[in-house]
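Per-entry structural report
Listed below, chain by chain, are the residues.
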Amino acid sequence: MVPLSCYLVLSGTLFACGVVGFLIKRNIITIFMSIELMLNGANLSFVAFAAQWKALSGQIFVFFVMVVAAAEAAVGLAIIIAIFRTRETLNVDRVNLLKL
Amino acid sequence: MNGSLAMVPQATDYLRVLPEIVLSIFGMAIMFADPLLKERPPRTLGTLALLGSLLALAATWVQAQYPGFAFWNMVRVDAFSVFFHFLIVAVTAVVILTSFEYMEVEGIRAGEYYGLILLGAVGMSLMSSAVELVLIFLALEISSIATYILAGFRRRAAISSEASLKYFLLGSFATAFFLYGVALMFGATGSTSIQVIGAALSSFEVPALAYAGIALMFVGLAFKVAAAPFHIWTPDVYEGAPAPVVGFMSTAPKAAVFAVLLRLMFEAHAPGRIGLIWVVAALSMTLGNLGALVQNNVKRLLAYSSIAHAGYLLVAFAAVPDSGIPAAMFYAASYAAMNVGAFAVVSHFSNAGERYVKIEDYSGLSSSSPLLAAILTVFLLSLIGIPITGGFIAKFYVFSAALQSNLVGLVILGVLNSAVAAYYYLRVIVVMYMREPRGEVPVSAVPAGMGAAMAVSLAATIYLGVLPGRVLDYAGRAVAEWLH
């Protein structure tokens, strides 16, 4: 049987990849995919811990997270289309009317 | 979650989420009605939304008669949650009133705006009564997704969709941190119920995983309340989003997230609370106030001010629960009253396309519209924390709670910050009263809905400043009922 730590390392790595992708990527769609990667990292932890604690609830939470991620994707893509219509670019560096 | 309980919800379960049910029904009804009404008079759906929020206020009263747990310990109705329900629903009603004029001036006919405000309020009120991390996550997302869309509602204005994008990307980034924190907490304790987690963290040695879980959840929630160092998005989003929406999202979701943070910090016995809060509160107060000093745009100024206020509020979190929690609750209420009011004035004054949002545009407002200038002055004085306004009492109780807990350093920092803050709020007042009016800025008459919204916020700000006793008593009783 694969030990719990392996799952946790994998989920931590997925999450970290998402964070790094979010920070260094410049294309809005890629940034958005990085966020999904972070959510999936968290999902993997949930499933692994659910097996560890013999608690089915952890696996059910993953379904909730997937539904939320889908809702977020729907809204996110709509916002990205609105941005593309007004700015004609998907590069976050050029979406810069508001000074940071 | 317990298999031993009967798996059929009881009638009282539904009564304990009655405000959420009322808000959802009205929210969805508006969403359905919007495409069906062809030649709709512009205010029909807004009025319906206002009716929904007022009914939800009544539903909050009904809910308060049935304290206890609902839906298998996922929801807890107590005086604490009722306080935040009342606050959030009242803010929703006032924001709907301020939106009537804005939507007409901007020529936005979409009724789903009101639907989204109500559905967002569902998430926020659910957050204040949820005692289950996964339910909190769902409620947080319901409220966040609604506000992401609302931030971009001036769809044709490039800055509005940009604000929406920034809010969406950074907000989802923060949500992912929160979720990972929940997963680690589940791993550390085997449960996502705040009660069970609290028992686990106070009975045996705290596992390292729980520290990581709390830290990640805190990062996620600190993003949502715009506490430094997670505040970068705030000025941009507040500048680009429609003014009434900013009034909404700087108060109601923040109050809801603070309610979650209070449950998490005090009921779940979060380890390492004081150190964590100390740093974040000190950074938020300082960075918020320093940032506000150099702003020329009123919306950006209020954005930095909201970062600073999140800092003041967090000071109460470092204090002992018996004095800290009531102080935090009172602060959330008085901040909501004065900030919604300030944004109502900003939204009325900004005119079509939000053209007049610079501080110089307010020159001589006292002679062109003395009443508007006076109202804005009261809100700004309250934000400074001048006596007889809610802002003063709120700051006073937060700092005295912190002093009782020997947080002298943090209190000194807070008082110094309040002095710095007085400068930039007074700058706006000086511009309004001491400068000559600029002819090209039109000041239109205040319509009834907007007037009512301003009057309610003004009354609440003054009431909390002059007669804070009842609210403070209520908050104190709520905490006693919750923790003892």
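Quick caveat: nothing in here was measured; it's all calculated off a predicted structure.

**Quick notes on the overall build of chain A**
Scanning chain A from N- to C-terminus turns up 3 helices and 0 strands. Its helices and strands taken in sequence order, chain A reads α-α-α from the N to the C terminus. Rg of the C-alpha trace for chain A: 17 Å, well past the compact-globule value of 13 Å for 100 residues, more than 25% over. Its C-alpha atoms give chain A principal-axis dimensions of about 50 × 25 × 20 Å. Here chain A holds 100 residues, and 40% of them are scored as buried. Considering only residue pairs separated by 6 or more positions, chain A has 55% of its internal contacts joining residues 24 or more positions apart. Roughly 5500 Å² of accessible area belongs to chain A as shown, and the carbon and sulfur atoms make up 70% of that amount.

**Things to note about a nonpolar patch on the surface**
Together, Ile 274, Trp 278, Val 279, Leu 283 and Leu 287 of chain B make up an exposed nonpolar region whose accessible area comes to about 400 Å². As for its placement among the helices and strands, Val 279 of chain B is situated in helix H13 (residues 273-293).

**Notes on the side chain of Asn 289 of chain B**
Residue and element names in this part refer to chain B. Structurally, the position occupied by Asn 289 is in helix H13. Given the relative accessible area of 0%, Asn 289 is considered buried. A distance of 3.0 Å separates polar atoms of two side chains, one belonging to Asn 289 and the other to Asn 417. In terms of polar contacts, Asn 289 uses its side chain to reach the side chain of Tyr 424, at 2.6 Å. Among residues more than four places away in sequence, those in contact with Asn 289 are Ala 308, Tyr 312, Asn 417, Val 420, Ala 421 and Tyr 424.

**Details of the nonpolar core**
Soluble globular proteins tend to bury their nonpolar side chains together. All names here are of chain B. Within the largest apolar cluster, 221 residues are counted, with the highest numbers of intra-cluster contacts made by Phe 84, Leu 262, Phe 317 and Met 329. Per element, the largest residue contribution to this core is 18 residues, and it comes from helix H15 (residues 321-350). Ignoring sequence-local partners within four residues, the contact set of Leu 262 consists of Phe 80, Phe 84, Glu 267, Phe 317, Ile 325, Ala 328, Met 329 and Trp 482.

**A short note on the packing of aromatic side chains**
Under the counting rule described, the total for this entry stands at 30 aromatic pairs over all chains. Consider the rings of Tyr 167 of chain B and Trp 233 of chain B, whose centres lie 5.1 Å apart with planes at 25°: the pair is stacked. A residue pair is termed long-range when its members are at least 10 positions apart, and Tyr 167 of chain B in helix H7 (residues 158-189) and Trp 233 of chain B in helix H10 (residues 233-240) qualify at 66 residues. Exposure class is identical for Tyr 167 of chain B and Trp 233 of chain B. Each is buried. Grouped by ring-pair contacts, the aromatic residues Phe 15 and Phe 22 of chain A together with Phe 173, Phe 177, Tyr 180, Phe 223 and Phe 230 of chain B constitute a single cluster. Just above the ring of Trp 482 of chain B sits the side chain of Arg 263 of chain B; from NZ or CZ to the centre is 5.2 Å. The residue whose ring lies beneath Lys 395 of chain B is Tyr 312 of chain B, and the NZ or CZ to ring-centre distance is 4.5 Å.

**What about the interface of chain B and chain A?**
A common way to express how large an interface is: the accessible area buried when the components associate. Listed as interface residues are 44 residues of chain B and, on the opposing side, 44 residues of chain A. Summed over both partners, the interface of chain B with chain A buries about 3700 Å², with 83% contributed by carbon and sulfur atoms. Interface area lost by chain B to chain A is led by Phe 168, Tyr 180 and Phe 186 of chain B, which between them contribute 18%. Here chain B and chain A share 1 salt bridge between them. Between Glu 162 of chain B and Arg 87 of chain A there is a salt bridge, with the nearest N and O atoms lying 3.6 Å from each other. Our enumeration of links across chain B and chain A arrives at 4 residue pairs in polar contact (both at pLDDT 80 or more). Elements with a minimum of two residues in the side of chain B that touches chain A: helix H6 (133-151), H7 and H10 of chain B. Top element by residues in the side of chain B that touches chain A is H7 of chain B. It accounts for 25 residues.

Parameters at a glance
Residues numbered from 1 in each chain as written. Chains lettered and ligands numbered in written order. Predicted model: local features only at pLDDT ≥ 70, side-chain atom pairs only at ≥ 80, totals over all residues. Heavy atoms only, no water. Helix = DSSP H or I, 4+ residues; strand = E, 2+ residues; numbered from the N terminus. Rg over C-alpha atoms; globule rule 2.2 N^0.38 Å. Buried < 20%, exposed > 50% of the residue type's maximum accessible area, 1.4 Å probe, protein only. Contact = heavy atoms within 4.5 Å. Areas by Shrake-Rupley, 256 points an atom, 1.4 Å probe, with all protein chains shown as cover. Patch = residues over 30% accessible without salt bridge, like charges linked within 9 Å, V, L, I, M, F, W, Y side chains within 5 Å. Salt bridge = Lys/Arg side-chain N within 4 Å of Asp/Glu carboxyl O. Polar contact = N/O pair within 3.5 Å; in protein donor to acceptor, adjacent residues only side chain to side chain. Core = buried A, V, L, I, M, F, W, Y, C linked by side-chain atoms within 4.5 Å. Phe/Tyr/Trp six-rings, centres within 6.5 Å; stacked < 30°, edge-to-face > 60°. Lys NZ or Arg CZ within 6 Å of the ring centre and 35° of its normal. Buried area = accessible area lost by both parts, 1.4 Å probe.

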